[in-house]
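For reference, the chains in residue letters:
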Amino acid sequence: MRYLYICLVMGFVSCTMVSQKTMEAFADNPVIAHRGAWKSNQLPENSIASLKKAIELNCTGSEFDVRMTQDHVLIVTHDATYNDLIVEETTYAELSKHKLPNGETLPTLKQYVIAGMENNSSTGLVCEIKPSKVEGRNIEIAKRVVKQVKELKAESYILSYISFSYEILKKVKELDVHAKTQYLDGSKTPEQLKKDGISGLDYILYKLKKRPEWIQEAKASGLSLNAWVANKTEDIDWLIANAFNYITTDEPELVFERLIKSPLQNGYELVWSDEFNYKGKPESAKWGYDYGFINNEEKQYFTDSLKNVRVENGHLIIEAHKEKIANKDYKSEAFKNKSWLHYVPKIDSAQYTSARLKTDGLASWKYGRIEVRAKLPKGVGLWPAIWMLGENRKQVGWPESGEIDIMEHVGFNADSIFGTIHTKAFNHMIGTERGKTIFIEKPYDSFHVFALEWTPDKMDFILDDVVYNHIENEHKTTAEWPFDQKFHLILNVSVGGMLGGQKGIDNSVFPQQMLVDYVRVYQKN
């Protein structure tokens, strides 16, 4: 995708005036304005005005679409029809009689590129060449586009050529060996793109989410990464977290806003994540389970049944049920393992089931930013938690090993969550735990981001970018700060218990789900 800016002075800018210009450097951000920055200012897409706005915003690129008329004029427009006229079957003279909604004349490629070279020191042009169904026309339009760019001496202003046609991109590369190209279709692996000399991929978001391995493969192959069209905060954040080179968007202002708030701005990089873009059981390479009755007088029996824990529709689902389990009905593979036989006498007393996932033995971290986007279960007696335990717990026990409760919520206190640490000196058994609460709006209807930023000197507990609990390392003993070691992550929904069950259990609310959109772990080098 490309950034082009049209600046017409009294309707005319000479080629001589722009021929000496060169782009020194593109802006240092990943923002590609899709068909220009049109949306927030209600400008026409692919207009010179929207291009100018993209340049004003200092976007790295502004994307535009090129088609060819019946009389071989290259014009900037997206659809195959313009004002109900088929572009390829209509002359430019006829098409240009119909103005854009802001009064602009339908721009030619020449006019658009010239405008993009005027008063522009940072925004590249992302030129999408639209394929034709007419035999031989793809090659012709590729030749004409590259020729026009060269005649205007605008090569340095072209950030990249993009197309759904592989044929077009290969021809562009043949005509200009220095041209950057990105494929749009999403059907080619990074390996194939690299082999064929394509510079990068520019795929629709959902295809990249279905094949996240392509991200690292592209980076390893030295290919540029772009995605379209990212307009939702969660999609933008995902692309930023994965360090995409470019983000094509109708909302460039929002992308700039999210960039400022991204952990990457503070020197973090993504080291581990699960975006849950698959279906079935949670990935075994990332998640394990706890089983049975665990602690805190909780009433649920933890299982690994798909009824209690599964991935579907892009979310991890941890689901609590009110149900009695008989020994003969419990079919978990883990339960069949002899190491879990000590739960057999207790299973008949289970009145509720749920799940508790953990990264114990699979992934653990010392310092960083741990971030979970989730929607919470509703009901008195429910006790969802996102928390961490020290890796030395089996050696030294709890609370000496330390516990970090990134988020806890209890159903009888519907509008609050709390973040807490537990240590030998500070824990709930002796009433000295160090925790704080914060108001949370619509925890059952909306997703929220629960995060911990943890350094050698402090911990910040964060709800939707707001720090509500700041704990400093007083540099005394491990009794106060056992947090200079690795911790693993735990996600669970409990029922009842010493905290969750203080106001009883409302059995009418079951089943209830905690939905997790993603888990991301960032660390600094």
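Definitions and cut-offs
Residues numbered from 1 in each chain as written. Predicted model: local features only at pLDDT ≥ 70, side-chain atom pairs only at ≥ 80, totals over all residues. Heavy atoms only, no water. Helix = DSSP H or I, 4+ residues; strand = E, 2+ residues; numbered from the N terminus. Buried < 20%, exposed > 50% of the residue type's maximum accessible area, 1.4 Å probe, protein only. Contact = heavy atoms within 4.5 Å. Polar contact = N/O pair within 3.5 Å; in protein donor to acceptor, adjacent residues only side chain to side chain. Patch = residues over 30% accessible without salt bridge, like charges linked within 9 Å, V, L, I, M, F, W, Y side chains within 5 Å. Areas by Shrake-Rupley, 256 points an atom, 1.4 Å probe, with all protein chains shown as cover. Salt bridge = Lys/Arg side-chain N within 4 Å of Asp/Glu carboxyl O. Axes fitted to C-alpha atoms, helices over the stretch in contact; angles between N-to-C directions. Parallel < 35°, antiparallel > 145°, perpendicular 65-115°, else oblique. Left-handed = near helix turned anticlockwise from the far one by under 90°. Nonpolar A, V, L, I, M, F, W, Y, C, P; charged D, E, K, R; others polar. Pairing = 2+ DSSP bridges. pLDDT = per-residue confidence, 0-100. Core = buried A, V, L, I, M, F, W, Y, C linked by side-chain atoms within 4.5 Å.

### A look at the side chain of Asp517
Logical step 1: Relative to the assigned elements, Asp517 resides in strand 28 (residues 512-524).
Logical step 2: Residue Asp517 is classed as buried on the basis of its relative accessible area of 14%.
Logical step 3: The contact partners of Asp517, leaving out residues within four places of it in the chain, are Glu234, Glu275, Phe276, Gly314, His315, Arg373 and Phe447.

### What about the environment of Glu275?
Logical step 1: Here Glu275 is to be found in the loop between strand 12 (268-274) and strand 13 (288-290).
Logical step 2: Among the residues examined, Glu275 registers a relative accessible area of 13% and is labelled buried.
Logical step 3: Note: C-alpha distance between Glu275 and Leu193 (82 residues apart in sequence) is 25 Å.
Logical step 4: Setting aside chain neighbours within four positions, we find Glu275 in contact with Trp238, Gly314, Asp517, Tyr518 and Arg520.
Logical step 5: One polar contact links Glu275 to Arg520, side chain to side chain, over a distance of 2.9 Å.

### Points about a nonpolar patch on the surface
Logical step 1: A contiguous nonpolar surface patch, about 320 Å² in accessible area, is contributed by Trp398, Met429 and Ile430.
Logical step 2: Position of Ile430 among the secondary structure elements: in the loop between strand 22 (416-422) and strand 23 (434-439).

### A few points about the packing of helix 10 (residues 233-241) against helix 11 (residues 252-261)
Logical step 1: Packing of helix 10 against helix 11 brings their axes to within 10 Å, and their N-to-C directions diverge by 55°. The angle between the axes of helix 10 and helix 11 places the two elements in the oblique class. Crossing of helix 10 over helix 11 shows right-handed handedness. For the pair helix 10 and helix 11, the contacting residues are Thr233, Ile236, Asp237 and Ile240 in the first and Leu254, Val255, Arg258 and Leu259 in the second.
Logical step 2: Taken together, the residues that form the contact of helix 10 with helix 11 break down as five nonpolar, one polar and two charged.

### Thoughts on the sheet that holds strand 22
Logical step 1: Across the sheet, seven strands lie side by side as 13-18-27-20-21-22-23; this open sheet has antiparallel pairing. The sheet is open, and its two edges are formed by strand 13 and strand 23, each paired on a single side. Within the sheet, the average angular offset between the axes of one strand and its neighbour, ignoring direction, is 20°.

### Some details on the environment of Gln502
Logical step 1: Take Gln502: it is sitting in the loop between helix 14 (497-500) and strand 28.
Logical step 2: Between the alpha carbons of Gln502 and Leu201 there is a distance of 54 Å; along the sequence they are 301 residues apart.
Logical step 3: Contact partners of Gln502, with chain neighbours within four places excluded, come to Phe412 and Gly497.
Logical step 4: Within the structure, the side chain of Gln502 is placed 3.1 Å from the backbone oxygen of Met498, a separation counted as a polar contact.

### So, the confidence of the model for the protein
Logical step 1: For the protein, the average pLDDT comes to 92, and 92% of its residues sit at 70 or higher.
Logical step 2: Segment residues 1-19: pLDDT under 50, and 97 contacts once partners within four positions in sequence are set aside and those in other chains are kept.

### So, the nonpolar core
Logical step 1: Core analysis: the largest hydrophobic core is formed by 52 residues, its most contacted members being Met388, Ile404, Phe450, Trp454 and Leu489.
Logical step 2: The biggest single contributor to this core is strand 27 (residues 487-495), with five residues.
Logical step 3: Those residues in contact with Ile404, other than ones at most four positions away along the chain, are Ile386, Trp387, Met388, Thr420, Leu452, Trp454, Met459, Phe461, Phe483 and Phe487.

### What about the pattern of salt bridges?
Logical step 1: Scanning all chains against the criterion turns up 28 salt bridges.
Logical step 2: Of the charged contacts in the structure, one is a salt bridge between Arg137 and Glu88, with a shortest N-O distance of 2.9 Å. Linking Arg137 in helix 5 (residues 137-151) with Glu88 in the loop between strand 5 (85-86) and helix 3 (92-95), this pair joins segments that are 49 residues apart in sequence.
Logical step 3: Residue classification places Glu88 among the partly exposed positions, given a relative accessible area of 26%.

### Side note on the pairing of strand 25 (residues 458-463)
Logical step 1: Judged by how many residues are buried, strand 25 sits mostly within the fold: six of six residues are covered.
Logical step 2: If you look at the hairpin formed by strand 24 (residues 448-454) and strand 25, you'll find three residues sitting between the two strands.
Logical step 3: Note: strand 25 against strand 26 (residues 466-472), six bridges, orientation antiparallel. By the bridge assignment for strand 26, Asp460 is matched with His470.
Logical step 4: In this antiparallel pair of consecutive strands, strand 25 and strand 26, the connection spans two residues, and Asp464 shows a positive phi of 50°.

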